[in-house]
Number of protein chains: 2
Amino acid sequence: MAGKVLDGVTSDPVTMGWMVGAPPPPEKRILAARADHMRFPMIRWSYSNMRSFTPTVRVAASGHGVPFPRNLRPDLGAVRFTPLGSDTEISFEQSLTRVFTDGILVLHKGEVVFERWFGITTPETRHIAFSVTKSFVGTLAELLIGEGRIDLGARVDSVIPELASSGFGSATIGQVHDMTTALDYSEDYADPNSGIGAYSAALGLTPRPTGYTGPHNLWDYLRTVPGTGAHGERFVYRTPNTDVLAWIITRIEGKPLHQMLSERLWQPLGMLGDADLMVDEVGTPFAGGGLNLRLEDLLRFGEALRNDGQNNGVVVIPEADVARIRRGGKPAHFDPVAYPHLPGWSYGSQWWHAHDNHGALTGRGIHGQTLWIDPQAEMVIARFGSHPIATSSANDPLSIPAWRALADALNP
Amino acid sequence: MAGKVLDGVTSDPVTMGWMVGAPPPPEKRILAARADHMRFPMIRWSYSNMRSFTPTVRVAASGHGVPFPRNLRPDLGAVRFTPLGSDTEISFEQSLTRVFTDGILVLHKGEVVFERWFGITTPETRHIAFSVTKSFVGTLAELLIGEGRIDLGARVDSVIPELASSGFGSATIGQVHDMTTALDYSEDYADPNSGIGAYSAALGLTPRPTGYTGPHNLWDYLRTVPGTGAHGERFVYRTPNTDVLAWIITRIEGKPLHQMLSERLWQPLGMLGDADLMVDEVGTPFAGGGLNLRLEDLLRFGEALRNDGQNNGVVVIPEADVARIRRGGKPAHFDPVAYPHLPGWSYGSQWWHAHDNHGALTGRGIHGQTLWIDPQAEMVIARFGSHPIATSSANDPLSIPAWRALADALNP
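In this text the structure is predicted, and so the values were computed from the model without any measurement.

Rules of the game
Residues numbered from 1 in each chain as written. Chains lettered and ligands numbered in written order. Predicted model: local features only at pLDDT ≥ 70, side-chain atom pairs only at ≥ 80, totals over all residues. Helix = DSSP H or I, 4+ residues; strand = E, 2+ residues; numbered from the N terminus. Buried ≥ 20, exposed ≤ 12 C-beta atoms within 10 Å, placed from the backbone. Contact = placed C-beta atoms within 7 Å. Pairing = 2+ DSSP bridges. Axes fitted to C-alpha atoms, helices over the stretch in contact; angles between N-to-C directions. Least-squares fit on C-alpha atoms with pLDDT ≥ 70 in both. Domains from an automatic or database assignment. Core = buried A, V, L, I, M, F, W, Y, C linked by C-beta atoms within 7 Å. Nonpolar A, V, L, I, M, F, W, Y, C, P; charged D, E, K, R; others polar.

Below, the discussion takes up the overall build of chain A. If you tally the helices and strands in chain A, you get 13 helices and 15 strands. Over its C-alpha atoms, taken along the principal directions, chain A stretches across nearly 55 × 50 × 45 Å. The proportion of buried residues among the 412 residues of chain A is 55%. Across chain A, the fraction of contacts at a sequence separation of at least 24, relative to all contacts at a separation of at least 6, is 67%.

Here it is in structure tokens:
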């Protein structure tokens, strides 16, 4: 394979034959013990099968979900746009394999107008959402904020005394919610010695090194994250903030996260299927990125946000909570150097906000996971992917202009 | 806790507070790394939550299942019987906690007449079925036998050459199916050096010892099991037979076991929910005991067998296949010393057969898992449990006479 670069077509997991046979040939096996499930091109298979690699808990749907109506417009594949940083137009269809799409659904005015599946991913697949999980957690937090049960101005250690000596303890809950905490922690996915590496080892998502003596669960890990500098001055994307937020809402609500997700979102939103939520060794859900769900259920979540929190006329997320989410964070806290493709954006309530003239907001997860809500265009897009490069900046140039081109095509 | 013996009431997992809190206190945590999830009294919680400890795959239901009608007869709790080896009658109700019941359903003529839940187990719980899993696998095998795709007289190594040098290679598929293979393997759950211990380590169900160099998956393990003596002479209960049987049907069918279970049983039987099937490191389902399902779905499987393989008038298991299953194995192969509570019984097609005047057959799993089918009484019983003693002989004296007393009470 040396010298051969796999692209979005040649890396197709069906073509590559991962995990087929009884038993699969050794060279076609994906072993978590080798961290294969987190490395390209194996991720083209594993991201659709995470529960077979790791402990999970069930986020229960009601069993009464109804799919969105279909009103397919195949012509949307021909929609053309110019990728960021390029001067050559491509079609939306062409862009799909270039960003290693596993599945994509476009919803317009409540109808699915575009639907494509690749490789082994199907409508039934529970695909990992990675950090789009955070937007679910942030929305649960907004529900509790709206009920007056979370005070964004309170210090984290007033709710979680165990975090007093960590970098989180002195931050406010609002700073955790908007990720403006000042922590000595790096989220560089390309650096094995970064904070995210220690986090992953504690979580058990990747194998622990021989002789590992670090924390064995999320609770113990979060207490080790040191602070540095002053909170509240700038947005820096750090996944453990979300796990702290989940710890806060879990303690306040007195229920585990998967139960909250089921009662407050999965059941009232009529999700089509149960979701799988990855857990650490003591059963703590991986709130920062462990949700595995059906793509249409991700779409359904976005559509509820677009509809001011309603599902079929029933209020699931109070309108005031949705309004707070949509308001976004502070663009002044956003680092334009770190996010060259996201000028003028902000991060708030665990959502990314474009602050554009469409009021777009988005949930983003590594390797291409996307929930894009464009209220002005009455459009929601859900996409799963397995891009070889983790960071969203690898696919933003081919994604963000595509979403706007689709919005324009749907609203001529 | 020294000196205090927990019984079926005092070991209630709610009372004991396992895994409650954010985080659970250290002494209330159940850690797979310590094998807590396989030890009493933690099993009263863990057996209802196995997917949170181990990788699993999904056995997909159709999503259109309908619960059995309820026609509850609380008076059945007062049915009295005499436990085997005792001369004192007790009530069915009294027996429930004595065998550490987690949930029980009694179906009579297609209606649920008795239903009880204990501890943390609910109708939604996917509880481990342990070796009742084997009866599902054996039934799949009978489907392929009925279709002429499995030849019971063929040697195992004619289908699975990889097993040629193992003890299984020279056995016939029928001998594997009925567990009359002659293997150097012991299934003593109380002996840590028994064959089942090595099997469990290969599977990853229990932590591997430091420096472990044995097999890391089921395929590699099965090849290590040596033979001894002649096949076909007597029934000896050995779980790896079922994994070999699953290997055979998986290879013949060209589909993984969870897909076969879904397509051939879960969907056509209208199961109420997806099941969780535990897998080893390479994604191989634990066919010998890894199925976790809703209790009512276990009941539904039994009811189909009672109804000659039909579900609501639709043939799911052809009547001839059901007839072969019901015929049972050879009582002459059964060891009366090993099974003092099961006189005249046999094992065949991965089911246990009473050969009594009711034509009863049963799926049995350690720690009390039971599917009891009494065709004469038009009765099916499904029970989940977490008995501190693994072997069924620990609860047979309180179970087998109870089933007959219920049959008599329901058919006066």
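Residues and elements named next belong to chain A. What the seven strands build is an open sheet, ordered β5-β4-β15-β14-β13-β12-β11; its pairing is antiparallel. Either end of the sheet is taken by a strand with one partner, and the two such strands are β5 (111-117) and β11 (346-348). Averaged over all neighbouring strand pairs, the angle between strand axes comes to 20°, with direction disregarded. Taken together, the two bridges between strand β12 (residues 351-353) and strand β13 (residues 361-365) define a ladder with antiparallel strand orientation. The residue of β13 that forms the bridge with His353 is Leu361.

For the pair chain B and chain A, the relating rotation is 180°, the translation along its axis is 0.0 Å, and the fit reaches an RMSD of 0.0 Å. What the superposition gives is, in effect, a two-fold axis relating one chain to the other. Relative to the rotation axis, the C-alpha of B:Pro55 is the closest in chain B, positioned 2.5 Å from it. Residue by residue, 100% of the interface of chain B is reproduced at the interface of chain A, so both copies engage with the same surface.

Glancing now at the domain arrangement of chain A. Residues and elements named next belong to chain A. Under the domain assignment used here, chain A contains domain 1 (13-54) and domain 2 (116-410). The gap between the C-alpha centroids of domain 1 and domain 2 is 26 Å. Taken together, the contact pairs 14 residues of domain 1 with 16 residues of domain 2. Contributing elements (two or more residues each) for the side of domain 1 that touches domain 2: α1 (13-16) and α2 (43-46). Looking at the side of domain 1 that touches domain 2 element by element, the count peaks at three residues for α2.

Right, let's talk about the nonpolar core for a bit. Counting residues in hydrophobic clusters, the biggest one holds 120 residues, and the most contacted among them are B:Val106, B:Val244, B:Leu298, B:Met379 and B:Leu406. In terms of residues, this core owes the most to one element, helix α13 (residues 396-410) of chain B, which gives eight residues. When neighbours within four sequence positions are excluded, B:Leu406 is seen to be in contact with B:Leu76, B:Val79, B:Phe92, B:Val106 and B:Met379. Residues A:Ile128, A:Ile160, A:Leu269 and A:Ile366 belong to the second largest nonpolar core, which totals 119 residues.

We now examine the interface of chain B and chain A. Every contact between the two is made by 27 residues of chain B and, on the other side, 27 residues of chain A. Those elements giving two or more residues to the side of chain B that touches chain A turn out to be β1 (56-59) and α9 (240-253) of chain B. A per-element tally of the side of chain B that touches chain A places α9(B) first, with three residues. The residue makeup of the side of chain B that touches chain A, split by class, is 15 nonpolar, six polar and six charged.

Glancing now at the environment of A:Glu147. Looking at the secondary structure, you find A:Glu147 in the loop between α4 (132-146) and α5 (156-159). Sequence-wise, A:Glu147 and A:Asp321 are 174 residues apart; in three dimensions their C-alpha atoms are separated by 9.5 Å.

Moving on: the pairing of strand β4 (residues 101-108) of chain B. Residues and elements named next belong to chain B. The buried fraction of β4 is high, at eight of eight residues. Bridge count for β4 against strand β15 (residues 379-385) is seven bridges, and the pairing is antiparallel. In the sheet register, His108 faces β15, and the bridge partner there is Met379. In the sheet, β4 pairs with strand β5 (residues 111-117) via six bridges, with the strands oriented antiparallel. Residue Leu105 lies in a different strand from β5, and its bridge partner there is Glu115. In this structure, the hairpin formed by β4 and β5 is closed by a connection of two residues, where Lys109 is found at a positive phi of approximately 50°.

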